[in-house]
Amino acid sequence: MRSSDEVDDDLEISPPKEVAAGVTAVRHAMEYALTHAGPRRTALTLLKLNQVDGIDCPGCAWPDPAHRPANEYCENGAKHVADEATTARVTREFFATHSVDDLAGRSDRWLNDQGRLTEPMVKRSGADHYEPIGWDEAFSLLAEELNALASPDEAMFYTSGRVSNEAAFLLQLFARAFGTNNLPDCSNMCHESSGSGLGESLGIGKGTVSLADLHVADLVVVVGQNPGTNHPRMLSALEQTKRNGGKVVAVNPLPEAGLLRFKNPQKPRGVVGRGTEIADQFLKIRPGGDLALFQMLNRLLLDAEDAAPGTVLDHDFIASDTTGFEEFSRHVRSVEWSDVLDATGLRREEIEELADRVLASRRVIVCWAMGITQHRHGVATIREMVNFLLLRGNLGREGAGVCPVRGHSNVQGDRTMGIWERMPQTFLDALGAEFSFTAPTRHGYDSVDGVRAMRDGRARIFMGVAGNFVRAMSDSDVTEQALRRCRLTVQVSTKLNRSHAVCGEVALVLPTLGRSDRDVQAGGDQFVTVEDSMSEVHASRGRLEPASPDLLSEVAIISRLARRTLGEGGAIPWEDFEGDYGLVRDRIARVVPGFEDFNRRVAEPGGFRLPSPINAGRYPTPSGKAVFARNELDWIVTPPGHLVLQTVRSHDQWNTIPYTSNDRYRGIHGSRRVVMVNPDDLAELGLADRDVVDLVSVAPDGSERRAEEFTVVAYPSARGSATSYYPETNVLVPLDSVAAVSNTPTFKGVIVRLEARAR
Ligand SMILES: Nc1nc2c(c(=O)[nH]1)N[C@H]1C(S)=C(S)[C@@H](COP(=O)(O)OP(=O)(O)OC[C@H]3O[C@@H](n4cnc5c(=O)[nH]c(N)nc54)[C@H](O)[C@@H]3O)O[C@H]1N2
Ligand SMILES: Nc1nc2c(c(=O)[nH]1)N[C@H]1C(S)=C(S)[C@@H](COP(=O)(O)OP(=O)(O)OC[C@H]3O[C@@H](n4cnc5c(=O)[nH]c(N)nc54)[C@H](O)[C@@H]3O)O[C@H]1N2
Ligand SMILES: [Mo]
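Residues numbered from 1 in each chain as written. Chains lettered and ligands numbered in written order. Predicted model: local features only at pLDDT ≥ 70, side-chain atom pairs only at ≥ 80, totals over all residues. Heavy atoms only, no water.

As recorded in an unreviewed UniProt entry, the protein goes by FdhF/YdeP family oxidoreductase and comes from Nocardioides caeni. The Sequence similarities (unreviewed entry) field of the UniProt record for the protein holds the comment "Belongs to the prokaryotic molybdopterin-containing oxidoreductase family." (UniProt positions renumbered as here; feature names shortened; annotations may be inferred.)

As structure tokens, then:
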């Protein structure tokens, strides 16, 4: 389906860039900010971004350095904040003009461009427009619908990782006090595989390294990640690694700009000159080949140990801190070169070169993101990367460890606060004891199971706090039908998106304050807290006059809904929580381990770091040790005439929201309906650059999915791969195509054929 207003200028293609950032990036950010937010709001937000007393940048979860320059933000963070600080407004007149069907025909970009939501709206049963509704009536309506359900498990509460710790804690408390663990979140589609894999291997689903570790590592392997676009400030950290003599290796099907070279826009040297070479080695891997790569690296390490016993493996560490070594090593020794070369598309010498680099490095860190987690065997790949680090004791010491690089600025914090459909019993017990109730124990729905439940009529109310579930999820058509089957859909949002237009019989839009908005409650000015990718917890305080006087904060919305649904006077002081978020933090301190004395510690400049048990030599696994895992080798085998499609972010989008149709670093301008393919594959398929094709995938049950009219772009990507943008291609990812264990949709591993269209 194409939207009525999809903005396609003429497609223009230039060669992909090697260098990321530098002055152009700063100019692009300022242009975007000034046109959307104007000079005053731009100054108020950008100058406060990531400062000690300022706004946590919602652009990504990369941590802030201890000594921050005045401009500790990046082009894309600045664009993201400007998008929230926009002066455009969606009013009741707007909704009177545009029917729900009209909105459903619009593009993601058009919807976002309409600006900030300003007052609560309702679409009543049978109506074709949203109309205004008072907050009070909205809460009553929602509470009545919730209480009318046959079971609390017919409701689900989705969150996106923008939500603060305070709001996340209250949302999961409300859901559990209401009686359900149905708390799917964007993490299910994102780093769930990291949580699953690290949880099994190390007992905790989080990374172990800090920025300081990255700076002093001898080798940083960046796998399945595009930091130049998605975590630009990470490049400053890698620049530091290089300056200290460390090496960087990139493993990716695409030669992504920032991975190759970086010009630091915050340093005079970055503005002139060629910038820093980032990757010492680049392995252009086939999508889904990483498990094979790491198994072979592990075999090569074992071989090297055999050749020079006692010089390669960290025997003391393996003996004292791990289990499973024998079985793992027997398995890995049987890995064959022919399979690995097939799976990776790499040359043997490239893999041997990387193994030599590993042998020459005492301190190694592996960083990864969606190129690993969104594959059928993503969890196994993560366990294999842990095996790789364990072999040489690269864990729990300076300059070494695991670094899953998170996406949303507080996605890690939301999990810590209990946003998970499968929180451990110890957490549920602590929560119940604190608030005098018994939390339900039955596991809830994750995102994929949630769609199945709505599709099959087992879930009737969907409430999304932040995010754009309809566009984020796989199998767009199936997901849309599932939401349309609901009795009631509710979105707590800052901006308009497709999840407001694809709705249930009754629908509510509840507009809320964003991270940059000032938040004043009965108890005075409030701040919220977040946890970044490296477990640093700190405060974020908005500065802007709110987009409308009718907005409520997320904390206020959840608290008022809870009072209306659960009744007044229970053991949970919702009204007090709304008035003073410090009281919420007091309770978090008593329920969530690591948050003792929360209010005092978060008041210190820069906040505090949650301790990692692993860095203290403790592994919260059943055996108390780190686990060497035995993983069956798996990779994606494509039938002749097919390619592996991976769906990525362009340089100018934030998740489901494209800002323009350009992807500057990849040299693509004017259209997002493109598919990038290696020229040799194009020749084999009988296609040429600029041909127009449909992308077709086949679901496990044999049914076909189709995305129409994509322009082919010859691109220096790995053989056998195709690359297109998310969310336009989510329609191709079958709901049942998920990663083992984590249930994450396989957004990076969709087998497709390209069908030429008659011109
Ligand atoms: N500006 C901006 N910043 C963002 C976001 C945004 O949309 N815009 N989103 C945020 C969020 S929620 C997240 S999760 C992160 C996402 O950050 P990334 O994971 O960097 O995002 P993707 O665009 O999905 O890129 C995946 C990368 O993995 C590579 N890849 C794909 N398949 C494979 C594979 O099989 N093996 C290997 N080795 N590589 C592979 C792709 O070529 C690409 O470089 O970014 C966060 N930051
Ligand atoms: N094909 C494909 N699909 C993917 C991915 C992929 O790589 N490929 N990546 C997956 C990943 S990693 C993720 S994280 C998900 C992202 O999924 P989501 O997190 O659900 O999507 P976003 O696009 O980040 O949500 C944007 C909306 O959030 C709302 N919002 C923004 N800020 C706030 C706020 O402060 N408060 C509130 N209440 N609302 C706010 C706005 O209304 C905005 O329209 O998508 C997943 N889907
Ligand atoms: Mo994400």
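When helices and strands are counted, the protein shows 31 helices and 33 strands. Taking 2.2 N^0.38 as the reference for a compact globule, 759 residues should give roughly 27 Å; the C-alpha atoms of the protein span a radius of gyration of 25 Å, in line with that estimate. With respect to the principal axes defined by its C-alpha atoms, the protein has extents near 75 × 65 × 55 Å. Split into buried and exposed, the 759 residues of the protein put 65% on the buried side. Here the analysis covers contacts within the protein between residues at least 6 apart in sequence; of these, 78% occur between residues at least 24 apart. In the form shown here, the protein has an accessible surface area of approximately 25,800 Å², with 50% of it arising from carbon and sulfur atoms. Here the protein carries 84 positive and 104 negative side-chain charges, and the mean point of each set is 3 Å from the other. (Helix = DSSP H or I, 4+ residues; strand = E, 2+ residues; numbered from the N terminus. Rg over C-alpha atoms; globule rule 2.2 N^0.38 Å. Buried < 20%, exposed > 50% of the residue type's maximum accessible area, 1.4 Å probe, protein only. Contact = heavy atoms within 4.5 Å. Areas by Shrake-Rupley, 256 points an atom, 1.4 Å probe, with all protein chains shown as cover. Lys, Arg positive; Asp, Glu negative; His and termini not counted. Charge placed at Lys NZ, Arg CZ, Asp CG, Glu CD.)

Let's shift gears to helix α6 (residues 135-147). The end-to-end C-alpha separation of α6 is 18 Å, in line with the 18 Å expected for 13 residues at 1.5 Å each. For α6, the complete set of buried residues consists of W135, A138, F139, L141, L142, A143, E145 and L146. (Expected span 1.5 Å × (residues − 1).)

The biggest cluster of nonpolar side chains holds 65 residues, and the ones touching the most others in it are L146, F157 and F169. Considering every element that reaches this core, the biggest residue donor is helix α7 (residues 165-178), with nine residues. A304, V366, I382 and Y619 belong to the second largest nonpolar core, which has 52 residues in total. (Core = buried A, V, L, I, M, F, W, Y, C linked by side-chain atoms within 4.5 Å.)

On to the sheet that holds strand β14 (residues 364-368). Strand order in the open sheet made by the five strands is β12-β9-β8-β14-β15, with parallel pairing throughout. Only two strands of the sheet have a single partner each, and these edge strands are β12 (281-283) and β15 (401-404). Pairwise comparison of adjacent strand axes, ignoring direction, gives a mean angle of 15 degrees for this sheet. Sitting on the sheet, helix α8 (residues 192-202) touches β14 and β15, and the angle it makes with β15 is about 160 degrees. (Pairing = 2+ DSSP bridges. Axes fitted to C-alpha atoms, helices over the stretch in contact; angles between N-to-C directions.)

The sheet built from six strands is open, its strands ordered β6-β5-β18-β17-β16-β7 with mixed pairing. In this open sheet, the two strands that pair with only one neighbour each are β6 (131-132) and β7 (155-159). Summarising the sheet, β7 and strand β16 (residues 461-465) pair through five bridges and their orientation is parallel. In the sheet register, F157 faces β16, and the bridge partner there is M463. Taken strand by strand, α7 contacts β7 and β16, and its axis lies near 170 degrees from that of β7.

Here the focus is the site of ligand 1. The full set close to ligand 1 counts 33 residues, and N252, E256, G288, D290 and N655 are the nearest of them. One of the side-chain N or O atoms of N252 is found 2.6 Å from an oxygen atom in ligand 1. At 3.0 Å from an oxygen atom of ligand 1 is found a side-chain nitrogen or oxygen belonging to Q646. In the complex, 99% of the free accessible area of ligand 1, which totals 910 Å², lies under the protein chains. Secondary structure elements with two or more residues in the shell around ligand 1: α10 (227-230), α19 (370-373), β25 (643-648) and β26 (653-654). For the shell around ligand 1, the per-class residue count stands at 12 nonpolar, 17 polar and four charged. (Near = heavy atom within 4 Å. Polar contact = N/O pair within 3.5 Å; in protein donor to acceptor, adjacent residues only side chain to side chain. Nonpolar A, V, L, I, M, F, W, Y, C, P; charged D, E, K, R; others polar.)

All right, on to the pairing of strand β30 (residues 692-698) then. β30 sits mainly inside the fold: five of its seven residues count as buried. Pairing between β30 and strand β31 (residues 704-714): six bridges, direction antiparallel. Across the sheet, residue V692 finds its bridge partner in β31, namely T711. Between β30 and β31, which follow one another and run antiparallel, lie five residues, and G702 among them has a positive phi close to 90 degrees. Direction of pairing for β30 relative to strand β33 (residues 750-756): antiparallel, over a ladder of five bridges. Paired with L695 across the bridge in β33 is L754.

The subject of this paragraph is the packing of aromatic side chains. Here the structure, examined in full by the defined rule, presents 20 aromatic pairs. Considering the side-chain rings of F94 and F95, the 5.5 Å spacing of their centres and the 85 degrees angle between planes classify their relative orientation as edge-to-face. Centre to centre, the rings of F157 and F174 are 5.6 Å apart; their planes meet at 75 degrees, and the pair counts as edge-to-face. Here F157 is found in strand β7, whereas its partner F174 is found in helix α7, with 17 residues between them in sequence. By relative accessible area, which is 0% here, F174 ends up buried. One aromatic cluster is present, formed by F94, F95, W110 and Y130 through successive ring pairs. Positioned over the ring face of F527 is R585, at 4.1 Å from the centre of the ring. (Phe/Tyr/Trp six-rings, centres within 6.5 Å; stacked < 30°, edge-to-face > 60°. Lys NZ or Arg CZ within 6 Å of the ring centre and 35° of its normal.)

With 18 residues, helix α14 (residues 290-307) extends 25 Å from end C-alpha to end C-alpha; this agrees with the ideal 26 Å at 1.5 Å per step. Among the 18 residues in α14, 15 count as buried, and that is most of the element.

A few words now on the packing of α8 against helix α20 (residues 378-391). At a minimum axis distance of 8 Å, the contact between α8 and α20 shows a crossing angle of 45 degrees. Comparing their axes, α20 and α8 come out oblique. The hand of the α8/α20 crossing is right-handed. Within the contact between the two elements, α8 uses S193, S194, S196, G197, L198, E200, S201 and L202 and α20 uses G378, V379, I382, R383 and V386. Its residues assigned to classes, the contact of α8 with α20 shows five nonpolar, six polar and two charged. (Parallel < 35°, antiparallel > 145°, perpendicular 65-115°, else oblique. Left-handed = near helix turned anticlockwise from the far one by under 90°.)

By secondary structure assignment, the location of N631 is in the loop between β24 (626-627) and β25. At a separation of 2.9 Å, a polar atom in the side chain of N631 contacts the side chain of R383. Apart from residues no more than four positions distant in its own chain, N631 is found in contact with L291, Q295, H331, A380, R383, E384 and N387.

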